[in-house]
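Overview (structure and organization)
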Amino acid sequence: MKNKNTKPASSVNALWGGRFTQGPAEAMARINASIDFDRRLWAQDIAGSKAHAAMLAAAGIISAKDCQEIADGLDRVAEEIASGDFPFRAEFEDIHMNVEARLAELIGEAAGRLHTARSRNDQVATDFRLFVRDAIDELDAGLVTFQRVLVDKADEHAETVMPGFTHLQTAQPVTFGHHLMAYYEMAKRDRGRLDDCRRRLNECPLGAAALAGTSFPIDREATADALGFDAPAANSLDAVSDRDFALEFLAALAIAQTHLSRLAEELVVFSSAPFGFVRLSDAFTTGSSIMPQKRNPDGAELVRAKTGGIAGAFQALLVVMKGLPLAYSKDMQEDKVPVFRATDAFAASLAVMTGMIADLTVDAEAMAAAAGGGHATATDLADWLVRALGLPFRTAHEVTGRIVALADGKGCALADLTQEDMQAVEPRIAEGVFDVLSVASSVASRTSFGGTAPERVREAIALAREELG
Ligand code: ARG
């Protein structure tokens, strides 16, 4: 396509137009501009610029007066943006140049000194690290709330029995409290992953300049410190060109969202009429316009679905980064959309799951009835044969299998067989066997560390409350 834009570039873009005789083609301007999405970095960008200007003044690179004007001007820019009055302009491409151009309009010449010993490359790397760090802090707080809700609900249901599943087949009875505490543990590791990511990302790229560092006598410790980083990033090429911190963040979110998705899936199943284990509140369900009886778990379904977008965001950035030579390439401008999208999707999912768990009510009878079905205490019978009769476990398993078949033949539960029925399979079976066949006794017997016995669940809950502080 022919470029119809023949305006001199310096009049189109005062920030880099010097050597250009023509402005960008319309299509080029459109693909090049990131302001529609990276305006979200405005607060971080202004914080970074203020730290940089203060350092420049302290190092004697700009005057105290210019520094003051820059700082005041940046505050005004921040106010304009916060109040929605800021004139975002696509011709200034991105948030960095929009802020600087506006600063120049507001304070004049001093604005031009802000970009001394800096490049948009170290600027954006700094802004983006600050953004991800802020996002981690917010999401961590959300995860803590989620954990509290899980613990409270688990406390209510430390003794509520339900079927535990493997292959979604009734396996052994567990308590609903134990089941919920499993998600507490997952959330704990999710927080650990975000925390690891935060620790590694907390090095400041500012001062790496375009890629090689700068000849100005800057103080990188000072800017790192002012922005709450642990240290300046050690290598200027690395500082401006890696986005591994964003990848780690996305990977951590993809994993955390996968946990939410599994819980969401369980809520969909458990709240369905054939299960009827839990009831979701009106606040997190929707009705059907045609089937009046319906209460659809849309919240849970959307959480499940958003997992695709978050996993996709990780994949998207991974592929953007693959094959980029050091140092900066414009490809990296595409790092932001996946991170913003995943941050929002995860925050939304977390809020919905937290509300859904807090609100849900349990049909303990339905759970207990289901827990007793499917011969869920067959393992208890086998264990009894090992303990009381000294059978090897493999033999006990086989004997139990025959007793299960017997119960199936009679269409009854294990506990409803008579002692004589069982003795037809294994003559030494004594009356004591009935003590282990109930769901409650099964659950109560699982006292090993990390097991589902209510006393263990209560210990786990107490520990969790300590951890949460
Ligand atoms: N908007 C750009 C980005 O997000 C800022 C860095 C531009 N640097 C450059 N050398 N063109 O990546």
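Check the entry above for the structure.
This one's a predicted model, so the numbers in the text were calculated from it and none came from an experiment. (Residues numbered from 1 in each chain as written. Predicted model: local features only at pLDDT ≥ 70, side-chain atom pairs only at ≥ 80, totals over all residues. Heavy atoms only, no water.)

**Side note on the overall build of the chain**
Across its full length, the chain holds 19 helices and six strands. Taken over C-alpha atoms, the radius of gyration comes to 31 Å for the chain, far larger than the 23 Å a tight globule of 469 residues would show. Seen along its three principal axes, the alpha-carbon backbone of the chain occupies a region of about 100 × 50 × 40 Å. Among the 469 residues that make up the chain, the fraction classed as buried is 47%. A separation threshold of at least 6 residues defines the contact pool for the chain, and within that pool the share at least 24 residues apart is 72%. Of the roughly 21,800 Å² that the chain leaves accessible, carbon and sulfur atoms contribute 54%. Computed over 47 positive and 66 negative side-chain charges, the separation of the two mean positions in the chain equals 5 Å. (Helix = DSSP H or I, 4+ residues; strand = E, 2+ residues; numbered from the N terminus. Rg over C-alpha atoms; globule rule 2.2 N^0.38 Å. Buried < 20%, exposed > 50% of the residue type's maximum accessible area, 1.4 Å probe, protein only. Contact = heavy atoms within 4.5 Å. Areas by Shrake-Rupley, 256 points an atom, 1.4 Å probe, with all protein chains shown as cover. Lys, Arg positive; Asp, Glu negative; His and termini not counted. Charge placed at Lys NZ, Arg CZ, Asp CG, Glu CD.)

**Let's talk about the state of the cysteines**
Disulfide: a covalent bond connecting the sulfur atoms of a pair of cysteines. All told, the structure shown has zero disulfides when counted by the stated rule. Cys204 takes part in no disulfide bond, and the closest cysteine sulfur, belonging to Cys197, lies 16 Å away. (Disulfide = S-S within 2.5 Å.)

**Observations concerning the site of the ligand**
The environment of the ligand is formed by Ser34, Asp38, Asp94, His96, Arg120, Asn121, Val124, Tyr328, Gln333 and Lys336. With respect to the ligand, the side chain of Asp94 contributes an N or O atom lying 2.8 Å from a nitrogen atom. Separating a nitrogen atom of the ligand from a side-chain N or O atom of Asn121 is a distance of 2.8 Å. For the ligand, whose accessible area on its own is 350 Å², the fraction buried by protein is 86%. (Near = heavy atom within 4 Å. Polar contact = N/O pair within 3.5 Å; in protein donor to acceptor, adjacent residues only side chain to side chain.)

**Some words on the packing of helix 5 (residues 64–83) against helix 6 (residues 95–107)**
Axis separation between helix 5 and helix 6 bottoms out at 9 Å; the angle between their running directions is 115°. Considering the relative orientation of helix 5 and helix 6, their crossing is right-handed. Across from Glu69, Ile70, Gly73, Leu74, Arg76, Val77, Glu80 and Ile81 in helix 5, the residues of helix 6 making contact are Val99, Arg102, Leu103, Leu106 and Ile107. Its residues assigned to classes, the contact of helix 5 with helix 6 comprises eight nonpolar, one polar and four charged. (Axes fitted to C-alpha atoms, helices over the stretch in contact; angles between N-to-C directions. Left-handed = near helix turned anticlockwise from the far one by under 90°. Nonpolar A, V, L, I, M, F, W, Y, C, P; charged D, E, K, R; others polar.)

**What to know about the nonpolar core**
Core analysis: the biggest nonpolar cluster contains 93 residues, and Phe146 and Phe249 have the highest contact counts within it. The element best represented in this core is helix 11 (residues 244–270), accounting for 16 residues. Among residues more than four places away in sequence, those in contact with Phe249 are Val132, Ala135, Ile136, Leu139, Leu194, Cys197, Val339 and Thr343. (Core = buried A, V, L, I, M, F, W, Y, C linked by side-chain atoms within 4.5 Å.)

**Let's talk about a negative patch on the surface**
Together, Glu203, Asp230, Asp238 and Asp244 make up a negatively charged patch on the protein surface. Among the structural elements, Asp230 can be located in the loop between helix 9 (220–226) and strand 4 (231–232). Given a relative accessible area of 59%, Asp230 falls into the exposed group. (Patch = residues over 30% accessible without salt bridge, like charges linked within 9 Å, V, L, I, M, F, W, Y side chains within 5 Å. Salt bridge = Lys/Arg side-chain N within 4 Å of Asp/Glu carboxyl O.)

**Some thoughts on the packing of aromatic side chains**
Counted by the stated rule, this structure contains eight aromatic pairs. Aromatic pair Phe128 and Phe245: ring centres 5.7 Å apart, planes at 70°, arrangement edge-to-face. Within this pair, whereas Phe128 is found in helix 7 (residues 120–156), its partner Phe245 is found in helix 11, the two being separated by 117 residues in sequence. Across the pair, Phe245 and Phe128 agree in class, each one buried. Three or more aromatic residues joined by ring pairs make a cluster, and in this case those are Phe165, Phe270, Phe275 and Phe277. Positioned over the ring face of Phe88 is Arg39, at 4.0 Å from the centre of the ring. Over the ring of Phe128 we find Lys336; its NZ or CZ atom is 5.8 Å from the centre of that ring. (Phe/Tyr/Trp six-rings, centres within 6.5 Å; stacked < 30°, edge-to-face > 60°. Lys NZ or Arg CZ within 6 Å of the ring centre and 35° of its normal.)

**Quick word on the environment of Ala430**
Summarising the element assignment, Ala430 is placed in the loop between helix 17 (419–423) and helix 18 (439–445). In this structure, the C-alpha to C-alpha distance between Ala430 and Arg295, residues 135 residues apart in sequence, is 48 Å. Setting aside anything within four residues of it in sequence, one finds Ala430 in contact with Trp384 and Gln419.

**Considering the side chain of Asn98**
Looking at the secondary structure, you find Asn98 in helix 6. In this structure Asn98 comes out as buried when scored by relative accessible area, which is 0%. A distance of 2.7 Å separates a polar side-chain atom of Asn98 from the backbone nitrogen of Arg89.

**Details of the environment of Gly299**
Among the secondary structure elements, Gly299 is positioned in helix 12 (residues 298–321). Given a relative accessible area of 17%, Gly299 falls into the buried group. Sequence separation of Gly299 and Leu247 is 52 residues, and the distance between their C-alpha atoms is 27 Å. Excluding its chain neighbours within four sequence positions, the residues that come into contact with Gly299 are Phe284, Val352 and Met356.

Take it as geometry only, folks, not as evidence of what the structure does.
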